[in-house]
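# Architecture at a glance
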Amino acid sequence: MEIRPSKIPAEVAQVTNTLEKAGFEAWIVGGCVRDLFLGRTPKDWDVTTNAAPEKIQGIFEHTYYTNEFGTVGVVNDATEDERLKVIEVTPYRLEGEYSDARRPDSVQFSPHIEDDLKRRDFTINAMAYSASKGQLLDLYGGIKDLEARLIRAVGDPVARFGEDALRIMRAVRISAELDFELEPRTRRAMRDSAAQLEKISKERIRDEFVRIINSPHIKRTLVLSHELGILRYIAPELELGVGVEQNQAHSFDVFEHNLRTAQHAADKDWDFIVRLSGLFHDVGKPASRRWSEEKRDWTFHGHDVVGARMTKKILENLKFSRETIDKASSLVRWHMFFSDPAVVTLSAVRRIITNVGAEHIWDLINLRICDRIGTGRPKEQPFRLRKYQAMIEQALRDPISVGMLKIDGRRIIEMGEGPGPRIGWTLHVLLEEVLEDPAKNTADYLEGRAGELLHMEDQALRTIGEEAKGTKAAAEEKEIKDIHNKYFVD
Ligand code: ATP
Ligand code: MG
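Residues numbered from 1 in each chain as written. Chains lettered and ligands numbered in written order. Predicted model: local features only at pLDDT ≥ 70, side-chain atom pairs only at ≥ 80, totals over all residues. Heavy atoms only, no water.

## Description of the overall build of the chain
Quick note on the threshold: Helix and strand labels come from DSSP, where a helix needs a run of H or I of at least four residues and a strand needs a run of E of at least two; each type is numbered from the N terminus. With C-alpha atoms as the basis for the radius of gyration, the globule rule is written as 2.2 Å multiplied by the number of residues raised to the power 0.38. Think of it in three bands: residues with accessible area under 20% of the maximum for their type are buried, residues over 50% are exposed, and the middle band is partly exposed, with areas taken using a 1.4 Å probe on protein chains only. Note on contacts: a residue pair qualifies if any of its non-hydrogen atoms lie within 4.5 Å across the two residues. Only four residue types enter the tally: Lys and Arg on the positive side, Asp and Glu on the negative side; His and the chain ends are excluded. Charge positions are represented by NZ for Lys, CZ for Arg, CG for Asp and CD for Glu.
Across its full length, the chain carries 24 helices and 13 strands. For 490 residues, the compact-globule formula gives about 23 Å, and the C-alpha radius of gyration of the chain, at 31 Å, lies well above that figure. Its C-alpha atoms put the chain at 95 × 70 × 40 Å along the principal axes. Put simply, the chain has 490 residues, and 49% of those count as buried. Once local pairs closer than 6 in sequence are excluded, the contacts in the chain between residues at least 24 apart make up 67%. Both charge centroids of the chain, one from 72 positive and one from 81 negative side chains, sit 5 Å from each other.

## A short note on the sheet that holds strand β9 (residues 135-137)
In a beta sheet, neighbouring strands pair by backbone hydrogen bonds and run either parallel or antiparallel. So the rule is basically this: Pairing between strands is defined by DSSP: at least two bridges between the two strands are required. Angles shown run from 0 to 180 degrees and are taken between the N-to-C directions of axes, each axis being a line fitted to C-alpha atoms and, for helices, limited to the stretch in contact.
The strand order across the open sheet formed by 7 strands is β3-β4-β5-β2-β1-β8-β9, and the pairing between neighbours is mixed. Pairing within the sheet leaves two strands with one partner each, and these edge strands are β3 (63-65) and β9. Neighbour-to-neighbour, the strand axes of the sheet open up by a mean angle of 30°, direction not taken into account. In terms of strand pairing, strand β8 (residues 128-130) meets β9 through 3 bridges, oriented antiparallel. Bridge assignment links Ala128 to a residue of β9, and that residue is Leu137. The sheet contacts of helix α2 (residues 31-38) involve β1 (26-29), β2 (46-49), β8 and β9, and relative to β1 the element is tilted by about 70°.

## A word on the UniProt feature "domain: HD" (unreviewed entry) in the chain
To keep it simple, the criterion reads: UniProt positions are given in the numbering used here, feature names are shortened, and annotations may be inferred rather than shown by experiment.
Residues annotated by UniProt as "domain: HD" (unreviewed entry) correspond here to residues 254-342. The distance from the first to the last C-alpha atom of residues 254-342 is 29 Å, and the span holds 62% helix and 7% strand.

## Notes on the site of ligand 1
Applicable threshold: Note on definitions. A residue lies near a molecule or strand when any single heavy atom of the residue is within 4 Å of it. Residues adjacent in sequence count toward polar contacts only when both atoms are side-chain atoms; beyond that, a polar contact is any pair of N or O atoms within 3.5 Å, and within protein one must be able to donate a hydrogen and the other to accept it. Areas reported here follow the Shrake-Rupley algorithm with a probe of radius 1.4 Å; residue values treat only the protein chains shown as occluding. Here a cavity is any set of points on a 1 Å grid over the protein atoms alone where a 1.4 Å probe fits but cannot get out, and a pocket is any open set with protein on both sides within 12 Å along at least 5 of 7 lines; a residue lines the site when it has an atom within 4 Å of a point. Any molecule with more than half of its atoms within 2 Å of a cavity's or pocket's grid points is counted as sitting in it. Gly falls in the polar group here, along with every residue not listed as nonpolar (Ala, Val, Leu, Ile, Met, Phe, Trp, Tyr, Cys, Pro) or charged (Asp, Glu, Lys, Arg).
Around ligand 1 sit 15 residues in total, of which Gly31, Asn125, Asp164, Arg167 and Arg211 are the nearest. Within the side chain of Arg34, an N or O atom sits 2.9 Å from an oxygen atom of ligand 1. The separation between a nitrogen atom of ligand 1 and a polar side-chain atom of Asp164 is 2.8 Å. Bound to the protein, ligand 1 loses 82% of the 580 Å² it would expose on its own. A majority-of-atoms criterion places ligand 1 in the largest pocket. For the shell around ligand 1, the per-class residue count stands at no nonpolar, 3 polar and 12 charged.

## Points about helix α22 (residues 421-436)
Note the following rule: For a helix, the expected span equals 1.5 Å multiplied by the residue count minus one.
With 16 residues, α22 should reach 22 Å at 1.5 Å per residue; the first-to-last C-alpha distance of 23 Å fits that figure. Of all the positions in α22, only Arg422, Ile423, Trp425, Thr426, Leu427, His428, Val429, Leu430, Leu431, Glu433 and Val434 are classed as buried.

## Here's the deal with the packing of helix α11 (residues 218-227) against helix α13 (residues 254-267)
α13 packs onto α11 with a crossing angle of 145° between their chain directions and a minimal axis gap of 8 Å. Residue-level contacts link Ile218, Lys219, Leu222, Val223 and His226 of α11 to Phe255, Glu256, Leu259, Arg260, Ala262, Gln263 and Ala266 of α13. Each residue belonging to the contact of α11 with α13 can be placed in one class, and the counts come to 7 nonpolar, 2 polar and 3 charged.

## A word on the nonpolar core
Taken as a class, soluble globular proteins show a tendency for nonpolar side chains to be buried jointly. Let me state the cut-off plainly: Side-chain atoms within 4.5 Å are what join buried Ala, Val, Leu, Ile, Met, Phe, Trp, Tyr and Cys residues into a set we call a nonpolar core.
Ranked by internal contacts, the top residues of the largest apolar core, which has 98 residues, are Met190, Phe209, Ile230, Ile234, Leu279 and Phe280. Ranked by residues supplied to this core, first place goes to helix α8 (residues 166-178) with 7 residues. Filtering out sequence-adjacent residues up to four positions away, Leu279 remains in contact with Phe209, Ile213, Leu222, Leu238, Asn258, Leu259 and Ala262. Counting residues in hydrophobic clusters, the runner-up holds 17 residues, among them Ile400, Trp425, Leu430 and Ala450.

## Some points on the layout of surface pockets
Heads up, the condition is: Grid points are joined across faces, edges and corners, and a volume is the space filled by probe spheres set on the points. Boundaries between domains were set according to an automatic or database domain assignment.
If you add up the space inside the largest pocket, you get close to 1,300 Å³. As for the largest pocket, its lining consists of 43 residues, and the residues nearest its centre are Asp46, Arg119, Arg120, Asp121 and Arg170. Counting only elements with at least two residues in the lining of the largest pocket, the list comes to α2, β2, β5 (86-91), β6 (93-95), α8 and α10 (202-213). It is α8 that contributes the most residues to the lining of the largest pocket, 7 residues altogether. Residues belonging to the lining of the largest pocket are distributed by class as follows: 10 nonpolar, 8 polar and 25 charged. Taken together, domain 1 (5-148) and domain 2 (149-234) each give at least three residues to the lining of the largest pocket, which thus spans both. Approximately 630 Å³ is the volume found for the second largest pocket. In terms of lining, the second largest pocket is formed by 26 residues, of which the most central are Ala249, His250, Met336, Asp371 and Arg377. Looking at the lining of the second largest pocket, the elements with two or more residues in it are β13 (297-299), α16 (303-317), α19 (361-375) and α20 (383-396). The biggest single contributor to the lining of the second largest pocket is α19, with 4 residues. Residue composition of the lining of the second largest pocket, grouped by class: 6 nonpolar, 10 polar and 10 charged.

## Considerations on the domain arrangement of the chain
Note the cut-off: Buried area adds together the accessible area that both of two parts lose upon being put together, with accessible area traced by a 1.4 Å probe. What counts as a salt bridge is simple: a side-chain nitrogen of Lys or Arg found within 4 Å of a carboxyl oxygen of Asp or Glu.
Under the domain assignment used here, the chain contains domain 1 (5-148), domain 2 (149-234), domain 3 (247-398) and domain 4 (404-486). Contact between domain 1 and domain 2 buries roughly 2,000 Å² in total, counting both sides, with carbon and sulfur atoms accounting for 54%. At the junction of domain 1 with domain 2, the criterion picks out 2 salt bridges. Arg170 is the partner of Asp121 in a salt bridge, and the nearest nitrogen-oxygen pair spans 2.7 Å. Between the two partners, domain 1 and domain 2, sit 13 residue pairs in polar contact (both at pLDDT 80 or more). Counting only elements with at least two residues in the side of domain 1 that touches domain 2, the list comes to α2 and α6 (142-148). The element best represented in the side of domain 1 that touches domain 2 is α6, accounting for 5 residues. Here the residues of the side of domain 1 that touches domain 2 are counted per class, giving 9 nonpolar, 2 polar and 13 charged.

## Looking at the pairing of strand β4 (residues 72-75)
In β4, alternate side chains face the same way, and those of Val72 and Val74 on one face and Gly73 and Val75 on the other are all buried. Once β3 ends, the chain turns through 6 residues before running back antiparallel as β4, passing Gly70 with a positive phi of about 85°. Judged from the 4 bridges that link them, β4 and β5 form a sheet pairing that is antiparallel. Of the residues in β5, the one forming a bridge with Val74 is Ile87.

Next comes the structure, spelled out in structure tokens:
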């Protein structure tokens, strides 16, 4: 198979062309070349050059200095595309000594592109491409590894992970995102170097972890991380579930069940928060497991409370935002909500909604769906759950009432009507009209129409007012029926 690069955006070619016209070399380099050959849209575009940072800044109109590595951000003010607004241009770098497995002690520039490719992490990330010449510089067999779908360290993997342990996380994350395998020697070096992750900041570990959770391959990737001794630097609490047998309703141990639950959220392409809370929803089970002689089975009373506390601690340790921590731990806390619609009342449903917050109630339902599938039960949404969803919608919907109108009793009194039943009759007639035609729900229209109605005699106004109340009740009934139809329940 011959793989070809996809099209390079004009904004990127313009940057390399400008550098070349000024007499410098310019290459598109790193992850974006990899993505170019995979036909994926790069997250960001990187250019490398033999021009020094001051020179780069001199050539382009709008630039800024981005970091201590000599990177210059070249700003394109004309484009709408967020990924092309800033293109990072970095001089060829030669990496200095590493003394702490974290970052080079010094950064030196080099006149040779070869030096810059040599310091990069994986063969598929160590290619450079010239837009003007259509030439690929592939010194480490990156294309071959792209074709074989392999992640292979550039040079000696043990040395490379020893220099910078974050590369271990990057390898796992890239394999999750691209669905690539680890080349065996690289894999072994990852396992042997995993303990160096101790030195990597929690924030950087978290960023790679987030990308694993957002990838399509959560389960496989976290199993791999566990096998290589990496998971304990992300969330060791998950590993407590390995081999922890559950009750008869479950086919898998706690570890696998958590992973399957998160994986189903990924399969459904559901939000990050559902995936994350799915991953941790039963993390409290190993600590809560008790044998019940009466049931002749294991019980896990309180695992939701324990699990929520553990989730909070895990996410705090990884320096997640307060918002994410609160959301995920609340979903874990309430994932055991009682959902038998034969017994559950609308007010109980309202209580659950208050507990997790109306804005997260559907995340909680999705978590329950994932939990079911993660247990090994084939049916995602049995009748019970659909019925429960209908009840939630019913509890969430605003009741049909005169409160929906863009006019109220106070305004009608201001219009000259004394307090009394005539106000209610008038509002109900207005509501009937608005239910018929929602476009009429404007202050202007309703005030005009109220003015007309208020001219009517008591008896006549009362008659149409009472009739209108009947229309409201029928409309209520229809809305609820529609909800039930939507979930195929009645
Ligand atoms: P993505 O852009 O999808 O996150 P990427 O591989 O492009 O993936 P970046 O963080 O954009 O990742 O880094 C760009 C390039 O810089 C990489 O492709 C790689 O060549 C190099 N690189 C990044 N981090 C490291 C590292 N820790 N060690 C060695 N090289 C690295
Ligand atoms: Mg990139």
